[in-house]
Amino acid sequence: MPLLVMKFGGTSVANIDRIHRAAKRVALEVAKGYDVIVIVSAMSGKTNELVGWVGETSPLYDAREYDAVVSSGENVTAGLMALRLQEMDIPARSWQGWQVPILTTSAHSAARFIDIPRANIDQKFAEGFRVAVVAGFQGVSAEGRITTLGRGGSDTTAVAFAAAFGAERCDIYTDVDGVYTTDPRICDRARKLDRIAFEEMLELASLGAKVLQTRSVELAMRYKVRLRVLSSFEEPSDTAGTLVCGEEEIMESNAVAGVAFSRDEAKMTLISVADRPGIAAAIFGPLAEAGVNVDMIVQNISEDGRTDMTFSCPNDQVLRAEKAIAEAKARGDFNFSDLVTDLAVAKVSVVGIGMRSHAGVAAQMFKALSAEGINIKVITTSEIKISVLIDRKYMELAVQALHDIFGLDKAA
Ligand code: ADP
Ligand code: ASP
Ligand code: MG
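Residues numbered from 1 in each chain as written. Chains lettered and ligands numbered in written order. Predicted model: local features only at pLDDT ≥ 70, side-chain atom pairs only at ≥ 80, totals over all residues. Heavy atoms only, no water.

Enquirer: Quick rundown of the site of ligand 1? Include the residues and the values.
Expert: As a structural note, the neighbourhood of ligand 1 is formed by 16 residues, with Thr 174, Asp 175, Tyr 180, Asp 183 and Arg 185 the closest of them. Within the side chain of Asp 183, one N or O atom sits 2.9 Å away from an oxygen atom of ligand 1. A total of 580 Å² of accessible area belongs to ligand 1 in isolation, and the protein chains cover 88% of it. The residue inventory of the shell around ligand 1, partitioned by class, reads 6 nonpolar, 5 polar and 5 charged. (Near = heavy atom within 4 Å. Polar contact = N/O pair within 3.5 Å; in protein donor to acceptor, adjacent residues only side chain to side chain. Areas by Shrake-Rupley, 256 points an atom, 1.4 Å probe, with all protein chains shown as cover. Nonpolar A, V, L, I, M, F, W, Y, C, P; charged D, E, K, R; others polar.)

Next up, the structure:
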(Lines give C-alpha, C1' and ligand atoms only; values in the text may rest on other atoms or scores of the structure.)
(Ligands and ions follow the chains in the order given, each with its own letter.)
Protein backbone atom coordinates (compact mmCIF):
# COMPACT_ATOMS: atom_id res chain seq x y z
CA MET A 1 0.00 0.00 0.00
CA PRO A 2 1.17 3.57 -0.58
CA LEU A 3 2.49 5.20 2.56
CA LEU A 4 2.44 8.71 3.97
CA VAL A 5 4.28 10.27 6.88
CA MET A 6 2.25 12.87 8.82
CA LYS A 7 3.98 14.83 11.59
CA PHE A 8 2.02 16.83 14.14
CA GLY A 9 3.90 19.54 16.05
CA GLY A 10 3.26 20.61 19.64
CA THR A 11 0.36 22.98 19.01
CA SER A 12 -1.36 20.38 16.83
CA VAL A 13 -1.45 17.92 19.76
CA ALA A 14 -1.71 20.53 22.54
CA ASN A 15 -4.75 18.92 24.20
CA ILE A 16 -7.18 16.03 23.81
CA ASP A 17 -9.42 17.96 21.44
CA ARG A 18 -6.50 18.82 19.12
CA ILE A 19 -5.33 15.21 19.15
CA HIS A 20 -8.84 14.26 18.12
CA ARG A 21 -8.71 16.72 15.22
CA ALA A 22 -5.29 15.48 14.13
CA ALA A 23 -6.55 11.88 14.27
CA LYS A 24 -9.39 12.85 11.93
CA ARG A 25 -6.84 14.04 9.39
CA VAL A 26 -5.02 10.76 9.65
CA ALA A 27 -8.34 8.95 9.15
CA LEU A 28 -8.92 10.88 5.90
CA GLU A 29 -5.63 9.59 4.48
CA VAL A 30 -6.31 6.04 5.69
CA ALA A 31 -9.70 6.22 3.94
CA LYS A 32 -7.88 7.14 0.71
CA GLY A 33 -5.94 3.87 1.02
CA TYR A 34 -2.70 5.01 2.60
CA ASP A 35 -0.86 3.32 5.40
CA VAL A 36 0.33 6.13 7.62
CA ILE A 37 3.29 6.69 9.90
CA VAL A 38 2.31 9.46 12.30
CA ILE A 39 5.11 11.29 14.08
CA VAL A 40 4.05 13.24 17.14
CA SER A 41 5.68 16.00 19.17
CA ALA A 42 5.02 16.53 22.85
CA MET A 43 2.04 18.74 23.75
CA SER A 44 3.12 22.37 23.27
CA GLY A 45 5.03 23.73 26.25
CA LYS A 46 5.69 20.25 27.63
CA THR A 47 9.29 19.91 26.48
CA ASN A 48 10.13 23.36 27.88
CA GLU A 49 8.62 22.33 31.20
CA LEU A 50 10.65 19.11 31.26
CA VAL A 51 13.86 20.98 30.38
CA GLY A 52 13.08 23.37 33.25
CA TRP A 53 12.61 20.51 35.71
CA VAL A 54 15.96 19.01 34.76
CA GLY A 55 17.71 22.37 35.31
CA GLU A 56 16.03 22.84 38.70
CA THR A 57 17.04 19.37 39.83
CA SER A 58 20.59 19.33 38.53
CA PRO A 59 22.18 22.42 36.93
CA LEU A 60 25.16 20.45 35.56
CA TYR A 61 22.98 17.50 34.61
CA ASP A 62 23.96 14.07 33.29
CA ALA A 63 23.04 14.33 29.60
CA ARG A 64 21.68 10.76 29.56
CA GLU A 65 19.15 11.54 32.26
CA TYR A 66 18.29 14.84 30.56
CA ASP A 67 17.29 12.83 27.49
CA ALA A 68 15.38 10.29 29.59
CA VAL A 69 13.29 13.15 30.99
CA VAL A 70 12.79 15.44 28.00
CA SER A 71 11.90 12.61 25.61
CA SER A 72 8.93 11.62 27.75
CA GLY A 73 6.49 14.22 26.41
CA GLU A 74 6.36 12.45 23.05
CA ASN A 75 5.55 9.11 24.71
CA VAL A 76 2.33 10.56 26.09
CA THR A 77 1.09 12.01 22.80
CA ALA A 78 2.04 8.85 20.86
CA GLY A 79 -0.07 6.70 23.19
CA LEU A 80 -2.99 9.15 23.17
CA MET A 81 -2.96 9.40 19.38
CA ALA A 82 -2.99 5.60 19.03
CA LEU A 83 -5.88 5.36 21.49
CA ARG A 84 -7.85 8.00 19.60
CA LEU A 85 -7.33 6.19 16.29
CA GLN A 86 -8.42 2.92 17.85
CA GLU A 87 -11.59 4.68 19.03
CA MET A 88 -12.19 5.50 15.36
CA ASP A 89 -11.81 1.80 14.48
CA ILE A 90 -8.46 2.33 12.80
CA PRO A 91 -5.93 -0.38 13.68
CA ALA A 92 -3.09 1.62 15.19
CA ARG A 93 -0.40 1.33 17.84
CA SER A 94 2.23 3.57 19.36
CA TRP A 95 5.99 3.13 19.08
CA GLN A 96 8.61 4.65 21.32
CA GLY A 97 11.99 5.15 19.70
CA TRP A 98 13.64 2.09 21.27
CA GLN A 99 10.77 -0.16 20.19
CA VAL A 100 11.19 0.58 16.47
CA PRO A 101 14.21 0.71 17.14
CA ILE A 102 15.38 4.16 16.04
CA LEU A 103 19.16 3.76 16.30
CA THR A 104 21.15 6.92 16.90
CA THR A 105 24.60 8.09 17.93
CA SER A 106 25.12 8.60 21.65
CA ALA A 107 25.55 12.39 21.35
CA HIS A 108 22.87 13.11 23.94
CA SER A 109 20.50 15.99 23.12
CA ALA A 110 22.09 16.25 19.66
CA ALA A 111 21.92 12.64 18.47
CA ARG A 112 21.94 11.68 14.80
CA PHE A 113 20.25 8.75 13.13
CA ILE A 114 22.32 5.69 12.38
CA ASP A 115 19.55 3.43 11.12
CA ILE A 116 15.80 2.87 11.26
CA PRO A 117 15.27 -0.83 10.59
CA ARG A 118 11.86 -1.31 8.98
CA ALA A 119 11.14 -4.90 9.97
CA ASN A 120 9.03 -4.38 13.11
CA ILE A 121 6.74 -1.71 11.69
CA ASP A 122 6.50 -3.45 8.31
CA GLN A 123 5.40 -6.61 10.07
CA LYS A 124 2.59 -4.75 11.85
CA PHE A 125 1.43 -3.20 8.58
CA ALA A 126 1.46 -6.71 7.06
CA GLU A 127 -0.72 -7.88 9.96
CA GLY A 128 -3.33 -5.26 9.07
CA PHE A 129 -2.33 -2.28 11.20
CA ARG A 130 -2.95 0.91 9.22
CA VAL A 131 -1.17 3.46 11.37
CA ALA A 132 2.12 3.44 13.27
CA VAL A 133 2.26 6.32 15.72
CA VAL A 134 5.91 7.05 16.46
CA ALA A 135 7.18 9.30 19.23
CA GLY A 136 9.24 12.03 17.56
CA PHE A 137 12.49 13.58 18.77
CA GLN A 138 13.90 10.40 20.37
CA GLY A 139 15.95 7.30 19.67
CA VAL A 140 18.21 4.80 21.36
CA SER A 141 22.02 4.64 21.42
CA ALA A 142 24.24 1.58 21.01
CA GLU A 143 24.64 1.70 24.80
CA GLY A 144 20.89 1.20 25.10
CA ARG A 145 20.23 4.70 26.46
CA ILE A 146 17.42 6.99 25.31
CA THR A 147 18.68 9.86 23.14
CA THR A 148 17.08 13.02 21.75
CA LEU A 149 17.76 14.84 18.50
CA GLY A 150 17.86 18.48 19.62
CA ARG A 151 14.99 20.94 19.87
CA GLY A 152 12.55 20.71 17.01
CA GLY A 153 13.81 17.18 16.32
CA SER A 154 10.43 15.63 15.52
CA ASP A 155 10.65 17.22 12.06
CA THR A 156 13.81 15.21 11.51
CA THR A 157 12.20 12.02 12.80
CA ALA A 158 9.41 12.55 10.25
CA VAL A 159 11.74 13.04 7.29
CA ALA A 160 13.94 10.11 8.33
CA PHE A 161 10.90 7.82 8.43
CA ALA A 162 9.72 9.12 5.07
CA ALA A 163 13.13 8.27 3.62
CA ALA A 164 13.42 4.88 5.34
CA PHE A 165 9.92 3.76 4.32
CA GLY A 166 9.87 5.35 0.86
CA ALA A 167 6.83 7.48 1.73
CA GLU A 168 4.98 9.20 -1.08
CA ARG A 169 5.13 12.44 0.92
CA CYS A 170 6.08 13.82 4.31
CA ASP A 171 3.48 16.27 5.63
CA ILE A 172 4.54 18.51 8.51
CA TYR A 173 1.46 19.85 10.29
CA THR A 174 2.15 22.96 12.34
CA ASP A 175 0.53 26.17 13.60
CA VAL A 176 1.17 28.21 10.43
CA ASP A 177 -0.17 27.27 7.01
CA GLY A 178 3.22 26.97 5.34
CA VAL A 179 6.66 28.48 4.98
CA TYR A 180 6.52 32.27 4.76
CA THR A 181 8.92 34.86 3.40
CA THR A 182 9.71 35.53 7.05
CA ASP A 183 8.21 34.61 10.42
CA PRO A 184 4.58 35.80 10.14
CA ARG A 185 4.61 36.52 13.86
CA ILE A 186 7.23 39.23 13.35
CA CYS A 187 6.14 40.73 10.06
CA ASP A 188 2.48 41.01 9.13
CA ARG A 189 3.36 41.47 5.45
CA ALA A 190 5.03 38.06 5.35
CA ARG A 191 3.71 36.04 2.40
CA LYS A 192 3.15 32.33 2.25
CA LEU A 193 5.26 30.59 -0.39
CA ASP A 194 3.71 27.84 -2.52
CA ARG A 195 7.15 26.35 -3.07
CA ILE A 196 10.61 26.81 -1.69
CA ALA A 197 13.85 25.18 -2.82
CA PHE A 198 15.64 22.77 -0.47
CA GLU A 199 18.77 24.95 -0.49
CA GLU A 200 16.80 28.04 0.52
CA MET A 201 14.88 26.23 3.24
CA LEU A 202 18.12 24.78 4.54
CA GLU A 203 19.66 28.25 4.86
CA LEU A 204 16.52 29.79 6.38
CA ALA A 205 16.29 26.99 8.95
CA SER A 206 19.93 27.13 9.91
CA LEU A 207 19.74 30.93 10.18
CA GLY A 208 16.88 30.77 12.67
CA ALA A 209 13.53 30.05 10.94
CA LYS A 210 12.36 27.35 13.31
CA VAL A 211 9.46 26.16 11.16
CA LEU A 212 11.61 23.14 10.20
CA GLN A 213 14.62 21.72 12.04
CA THR A 214 17.72 22.17 9.88
CA ARG A 215 18.61 18.46 9.92
CA SER A 216 15.18 17.58 8.57
CA VAL A 217 15.77 19.72 5.50
CA GLU A 218 19.24 18.22 5.01
CA LEU A 219 17.78 14.72 5.08
CA ALA A 220 14.89 15.62 2.78
CA MET A 221 17.34 17.06 0.28
CA ARG A 222 19.65 14.06 0.44
CA TYR A 223 16.91 11.45 0.13
CA LYS A 224 14.63 13.46 -2.19
CA VAL A 225 11.71 13.36 0.21
CA ARG A 226 8.66 15.35 -0.92
CA LEU A 227 8.25 17.62 2.06
CA ARG A 228 5.15 19.72 2.69
CA VAL A 229 4.52 22.18 5.53
CA LEU A 230 0.88 22.90 6.31
CA SER A 231 -1.54 23.88 9.05
CA SER A 232 -3.47 21.37 11.10
CA PHE A 233 -6.13 24.03 11.67
CA GLU A 234 -7.17 24.63 8.07
CA GLU A 235 -9.49 22.60 5.89
CA PRO A 236 -7.68 19.70 4.20
CA SER A 237 -6.77 20.23 0.53
CA ASP A 238 -4.22 18.81 -1.87
CA THR A 239 -2.70 22.18 -2.67
CA ALA A 240 -2.46 23.49 0.88
CA GLY A 241 0.79 24.53 2.47
CA THR A 242 4.28 24.92 1.07
CA LEU A 243 6.15 22.28 -0.89
CA VAL A 244 9.88 22.12 -0.17
CA CYS A 245 11.32 20.80 -3.41
CA GLY A 246 14.20 20.82 -5.87
CA GLU A 247 15.20 24.11 -7.48
CA GLU A 248 14.20 22.79 -10.91
CA GLU A 249 10.56 22.53 -9.75
CA ILE A 250 10.39 26.26 -9.12
CA MET A 251 9.56 28.38 -12.15
CA GLU A 252 10.53 31.87 -11.13
CA SER A 253 12.00 33.38 -8.06
CA ASN A 254 12.93 36.69 -6.49
CA ALA A 255 16.60 37.38 -5.84
CA VAL A 256 15.71 37.02 -2.18
CA ALA A 257 13.28 34.30 -1.08
CA GLY A 258 13.13 35.02 2.61
CA VAL A 259 14.44 36.77 5.70
CA ALA A 260 15.52 34.82 8.79
CA PHE A 261 16.65 36.02 12.18
CA SER A 262 18.18 34.67 15.30
CA ARG A 263 17.67 36.51 18.55
CA ASP A 264 19.96 34.62 20.88
CA GLU A 265 23.35 35.68 19.62
CA ALA A 266 26.36 37.09 21.41
CA LYS A 267 29.38 38.96 20.08
CA MET A 268 32.79 38.58 21.70
CA THR A 269 35.90 40.61 20.89
CA LEU A 270 39.44 39.88 21.93
CA ILE A 271 41.21 43.22 22.03
CA SER A 272 44.81 43.47 20.93
CA VAL A 273 45.93 39.96 20.06
CA ALA A 274 49.20 39.38 18.20
CA ASP A 275 48.70 39.45 14.42
CA ARG A 276 50.81 36.41 13.58
CA PRO A 277 50.40 33.17 11.66
CA GLY A 278 48.51 30.66 13.77
CA ILE A 279 46.66 33.16 15.94
CA ALA A 280 43.21 32.18 14.61
CA ALA A 281 43.99 28.51 15.16
CA ALA A 282 45.19 29.25 18.69
CA ILE A 283 41.94 31.06 19.55
CA PHE A 284 39.34 28.98 17.73
CA GLY A 285 40.88 25.56 18.45
CA PRO A 286 40.12 25.67 22.19
CA LEU A 287 36.67 27.16 21.51
CA ALA A 288 35.83 24.25 19.23
CA GLU A 289 37.10 21.76 21.81
CA ALA A 290 34.88 23.40 24.41
CA GLY A 291 31.88 22.83 22.13
CA VAL A 292 31.33 26.52 21.32
CA ASN A 293 29.58 26.95 17.97
CA VAL A 294 31.41 29.94 16.57
CA ASP A 295 29.44 31.48 13.74
CA MET A 296 30.71 34.78 12.31
CA ILE A 297 34.36 35.82 12.57
CA VAL A 298 36.14 39.07 11.73
CA GLN A 299 39.71 40.00 12.22
CA ASN A 300 40.13 43.77 12.27
CA ILE A 301 42.87 45.77 10.59
CA SER A 302 46.08 45.41 12.51
CA GLU A 303 48.25 48.17 13.86
CA ASP A 304 51.78 47.68 15.19
CA GLY A 305 51.39 43.92 14.87
CA ARG A 306 48.29 43.78 17.13
CA THR A 307 44.71 43.24 16.02
CA ASP A 308 41.18 42.73 17.42
CA MET A 309 39.43 39.44 16.77
CA THR A 310 35.61 39.39 16.88
CA PHE A 311 33.32 36.39 16.70
CA SER A 312 29.72 35.50 17.41
CA CYS A 313 28.23 32.45 19.13
CA PRO A 314 24.92 31.50 20.75
CA ASN A 315 24.16 33.50 23.88
CA ASP A 316 24.05 30.47 26.14
CA GLN A 317 27.57 29.43 25.17
CA VAL A 318 29.25 32.64 26.31
CA LEU A 319 30.31 31.31 29.73
CA ARG A 320 31.83 28.25 28.12
CA ALA A 321 33.64 30.47 25.59
CA GLU A 322 34.98 32.78 28.30
CA LYS A 323 36.27 29.81 30.26
CA ALA A 324 38.00 28.28 27.22
CA ILE A 325 39.64 31.61 26.36
CA ALA A 326 40.79 32.23 29.93
CA GLU A 327 42.32 28.75 30.09
CA ALA A 328 44.10 29.19 26.77
CA LYS A 329 45.47 32.55 27.94
CA ALA A 330 46.67 31.01 31.21
CA ARG A 331 48.48 28.32 29.22
CA GLY A 332 50.21 31.07 27.25
CA ASP A 333 48.61 30.07 23.89
CA PHE A 334 47.93 33.74 23.12
CA ASN A 335 47.58 37.08 24.83
CA PHE A 336 45.10 39.96 24.68
CA SER A 337 44.39 43.11 26.63
CA ASP A 338 40.64 42.71 27.09
CA LEU A 339 37.67 40.50 26.25
CA VAL A 340 34.49 42.43 25.45
CA THR A 341 31.19 40.53 25.36
CA ASP A 342 28.00 41.97 23.88
CA LEU A 343 24.97 39.90 24.84
CA ALA A 344 22.40 42.10 23.13
CA VAL A 345 22.89 41.30 19.46
CA ALA A 346 20.80 39.49 16.85
CA LYS A 347 21.55 38.08 13.44
CA VAL A 348 19.37 38.95 10.48
CA SER A 349 19.87 37.20 7.14
CA VAL A 350 18.48 37.33 3.62
CA VAL A 351 18.42 34.10 1.63
CA GLY A 352 17.78 33.30 -2.02
CA ILE A 353 19.14 31.13 -4.80
CA GLY A 354 18.37 34.08 -7.08
CA MET A 355 21.37 35.85 -5.52
CA ARG A 356 23.65 33.72 -7.67
CA SER A 357 22.50 35.63 -10.72
CA HIS A 358 21.50 39.00 -9.22
CA ALA A 359 24.23 41.49 -8.43
CA GLY A 360 23.88 44.17 -5.78
CA VAL A 361 21.80 42.35 -3.19
CA ALA A 362 24.29 43.12 -0.42
CA ALA A 363 24.42 46.80 -1.34
CA GLN A 364 20.62 46.98 -1.30
CA MET A 365 20.51 45.27 2.07
CA PHE A 366 23.05 47.61 3.65
CA LYS A 367 21.28 50.65 2.22
CA ALA A 368 17.94 49.57 3.69
CA LEU A 369 19.50 49.07 7.11
CA SER A 370 21.31 52.38 7.00
CA ALA A 371 18.08 54.16 6.04
CA GLU A 372 16.68 52.91 9.35
CA GLY A 373 19.80 54.04 11.21
CA ILE A 374 20.78 50.45 12.04
CA ASN A 375 24.48 49.89 12.56
CA ILE A 376 25.97 46.66 11.19
CA LYS A 377 28.50 45.04 13.51
CA VAL A 378 29.55 41.96 11.53
CA ILE A 379 28.78 40.72 8.02
CA THR A 380 29.09 37.25 6.50
CA THR A 381 28.06 36.03 3.09
CA SER A 382 27.77 32.85 1.12
CA GLU A 383 26.58 32.18 -2.41
CA ILE A 384 22.91 32.35 -1.43
CA LYS A 385 22.81 34.32 1.83
CA ILE A 386 23.96 37.50 3.51
CA SER A 387 23.91 37.79 7.30
CA VAL A 388 24.47 40.80 9.52
CA LEU A 389 24.87 41.11 13.25
CA ILE A 390 23.04 44.12 14.73
CA ASP A 391 21.77 45.41 18.09
CA ARG A 392 18.93 43.14 19.15
CA LYS A 393 16.57 46.03 19.80
CA TYR A 394 16.53 46.75 16.04
CA MET A 395 15.89 43.17 14.98
CA GLU A 396 12.17 43.47 14.15
CA LEU A 397 12.75 46.77 12.39
CA ALA A 398 15.53 45.26 10.30
CA VAL A 399 13.37 42.28 9.30
CA GLN A 400 10.55 44.60 8.20
CA ALA A 401 12.91 46.89 6.29
CA LEU A 402 14.52 44.00 4.43
CA HIS A 403 11.18 42.40 3.69
CA ASP A 404 10.08 45.73 2.14
CA ILE A 405 13.21 46.53 0.16
CA PHE A 406 13.24 43.12 -1.53
CA GLY A 407 9.51 43.29 -2.26
CA LEU A 408 8.82 39.99 -0.55
CA ASP A 409 5.16 40.75 -0.01
CA LYS A 410 4.73 40.34 -3.79
CA ALA A 411 5.21 37.18 -5.81
CA ALA A 412 8.05 37.07 -8.38
P1 ADP B 1 5.79 22.90 15.75
O2 ADP B 1 5.51 22.89 17.20
O3 ADP B 1 4.59 22.55 14.92
O4 ADP B 1 7.00 22.11 15.36
P5 ADP B 1 7.34 25.34 15.60
O6 ADP B 1 6.99 26.34 16.63
O7 ADP B 1 8.55 24.53 15.80
O8 ADP B 1 6.05 24.41 15.36
O9 ADP B 1 7.47 26.06 14.16
C10 ADP B 1 6.43 26.85 13.67
C11 ADP B 1 6.74 28.33 13.91
O12 ADP B 1 7.86 28.71 13.13
C13 ADP B 1 5.66 29.28 13.49
O14 ADP B 1 4.69 29.44 14.49
C15 ADP B 1 6.42 30.58 13.20
O16 ADP B 1 6.33 31.49 14.25
C17 ADP B 1 7.87 30.13 13.09
N18 ADP B 1 8.53 30.58 11.86
C19 ADP B 1 9.74 31.15 11.78
N20 ADP B 1 10.06 31.47 10.54
C21 ADP B 1 9.03 31.07 9.76
C22 ADP B 1 8.80 31.12 8.34
N23 ADP B 1 9.68 31.65 7.48
N24 ADP B 1 7.63 30.61 7.89
C25 ADP B 1 6.73 30.07 8.74
N26 ADP B 1 6.91 30.01 10.08
C27 ADP B 1 8.05 30.49 10.59
N1 ASP C 1 9.13 18.36 21.61
C2 ASP C 1 10.44 18.65 21.08
C3 ASP C 1 10.72 20.13 21.19
O4 ASP C 1 9.88 20.87 21.67
C5 ASP C 1 10.62 18.15 19.69
C6 ASP C 1 9.68 18.71 18.66
O7 ASP C 1 8.57 19.13 18.98
O8 ASP C 1 10.05 18.74 17.48
O9 ASP C 1 11.78 20.56 20.84
MG1 MG D 1 9.07 22.54 15.49
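Still more to cover.
Enquirer: I'd like to hear about the nonpolar core, residue by residue, with values.
Expert: Of all hydrophobic cores here, the largest spans 43 residues; its most connected members are Val 5, Ile 37, Ile 121, Val 134, Phe 161, Cys 170 and Met 201. Apart from the residues within four sequence positions on either side, Ile 37 is in contact with Leu 3, Leu 4, Val 5, Met 6, Phe 125, Ala 132, Val 134, Phe 161 and Phe 165. Counting residues in hydrophobic clusters, the runner-up holds 25 residues, among them Ala 22, Ala 27, Ala 92 and Ala 135. (Core = buried A, V, L, I, M, F, W, Y, C linked by side-chain atoms within 4.5 Å. Buried < 20%, exposed > 50% of the residue type's maximum accessible area, 1.4 Å probe, protein only. Contact = heavy atoms within 4.5 Å.)

Enquirer: Describe the site of ligand 2, with residues and values.
Expert: The local shell around ligand 2 consists of Ser 41, Ala 42, Thr 47, Glu 74, Phe 137, Arg 151, Gly 152, Gly 153 and Ser 154. Within the side chain of Glu 74, an N or O atom sits 2.7 Å from a nitrogen atom of ligand 2. Note that an oxygen atom of ligand 2 is positioned 2.9 Å from one of the backbone N or O atoms of Gly 152. Burial of ligand 2 by the protein amounts to 86% of the accessible area it has alone, namely 260 Å².

Enquirer: Explain the side chain of Ser 312 residue by residue, including any values.
Expert: Note that Ser 312 resides in strand S15 (residues 306-314). In contact with Ser 312, not counting residues within four places along its chain, are Glu 265, Ala 266, Lys 267, Asn 293, Val 294, Asp 295, Met 296 and Leu 389. (Helix = DSSP H or I, 4+ residues; strand = E, 2+ residues; numbered from the N terminus.)

Enquirer: Talk me through the packing of aromatic side chains; I want residue IDs and the actual numbers.
Expert: Inspection of the entire model under this criterion finds 5 aromatic pairs. Judged by centre distance (4.9 Å) and plane angle (15 degrees), the rings of Phe 8 and Tyr 173 are stacked. Taken together, the residues Phe 8 in strand S1 (residues 3-8) and Tyr 173 in strand S9 (residues 169-174) connect sequence positions 165 residues apart. Relative accessible area serves as the criterion here: at 3%, Tyr 173 is assigned to the buried category. Pairing Phe 284 with Phe 311 gives two aromatic rings, centres 5.6 Å apart and planes at 85 degrees, and the pair type is edge-to-face. Remark: Phe 311 occurs in strand S15 and Phe 284 occurs in helix H9 (residues 279-289); sequence separation between them is 27 residues. As far as the burial class goes, Phe 284 and Phe 311 line up, both buried. Looking at Lys 329, its charged tip hangs above the ring of Phe 336, at a distance of 4.2 Å from the centre. (Phe/Tyr/Trp six-rings, centres within 6.5 Å; stacked < 30°, edge-to-face > 60°. Lys NZ or Arg CZ within 6 Å of the ring centre and 35° of its normal.)

Enquirer: So what's going on with the packing of helix H11 (residues 361-371) against helix H12 (residues 395-405)? Which residues, and what values?
Expert: At a minimum axis distance of 9 Å, the contact between H11 and H12 shows a crossing angle of 130 degrees. As judged from the angle between their axes, H11 and H12 are oblique. The way H11 lies across H12 gives a crossing that is right-handed. Between H11, through Gln 364, Met 365, Ala 368 and Leu 369, and H12, the contact on the second element is made entirely by Ala 398, Ala 401, Leu 402 and Ile 405. Here the residues of the contact of H11 with H12 are counted per class, giving 7 nonpolar, 1 polar and no charged. (Axes fitted to C-alpha atoms, helices over the stretch in contact; angles between N-to-C directions. Parallel < 35°, antiparallel > 145°, perpendicular 65-115°, else oblique. Left-handed = near helix turned anticlockwise from the far one by under 90°.)

Enquirer: Requested: an account of helix H6 (residues 154-164), with residues and values cited.
Expert: Counted residue by residue, H6 has 9 buried out of 11 residues, so it is predominantly covered. For H6, the set of buried residues is Ser 154, Asp 155, Thr 156, Thr 157, Ala 158, Val 159, Ala 160, Phe 161 and Ala 162. Just downstream of H6, Gly 166 is the residue with a positive phi angle, here 60 degrees.

Enquirer: Provide a residue-level description of the sheet that holds strand S2 (residues 35-40), including the pertinent values.
Expert: One open sheet accounts for 8 strands, arranged S3-S6-S2-S1-S9-S11-S12-S10; its pairing is mixed. Sheet topology places strand S3 (92-95) and strand S10 (195-197) at the edges, where each strand pairs with a single neighbour. With direction set aside, neighbouring strand axes in the sheet form an average angle of 20 degrees. The sheet contact formed by S3 and strand S6 (residues 131-135) spans 4 bridges and is parallel. Among the inter-strand pairings, Ser 94 is bridged to a residue of S6, identified as Val 133. (Pairing = 2+ DSSP bridges.)

Enquirer: Tell me about the sheet that holds S15, and please be specific about residues and values.
Expert: Each strand in a sheet pairs with another by means of backbone hydrogen bonds, the pair being arranged parallel or else antiparallel. Spatially, 6 strands are ordered S14-S15-S13-S16-S18-S17 in an open sheet, and the strand pairing comes out antiparallel. For this open sheet the edge positions go to strand S14 (297-299) and strand S17 (378-382), each flanked by a neighbour on one side alone. Between one strand axis and the next, the sheet turns through 25 degrees on average, direction left out of account. Summarising the sheet, S17 and strand S18 (residues 385-391) pair through 5 bridges and their orientation is antiparallel. If you follow Ser 382 over to S18, its bridge partner there is Lys 385. On the sheet, H9 packs against strand S13 (258-274), S14 and S15 and is oriented at approximately 25 degrees with respect to S15.

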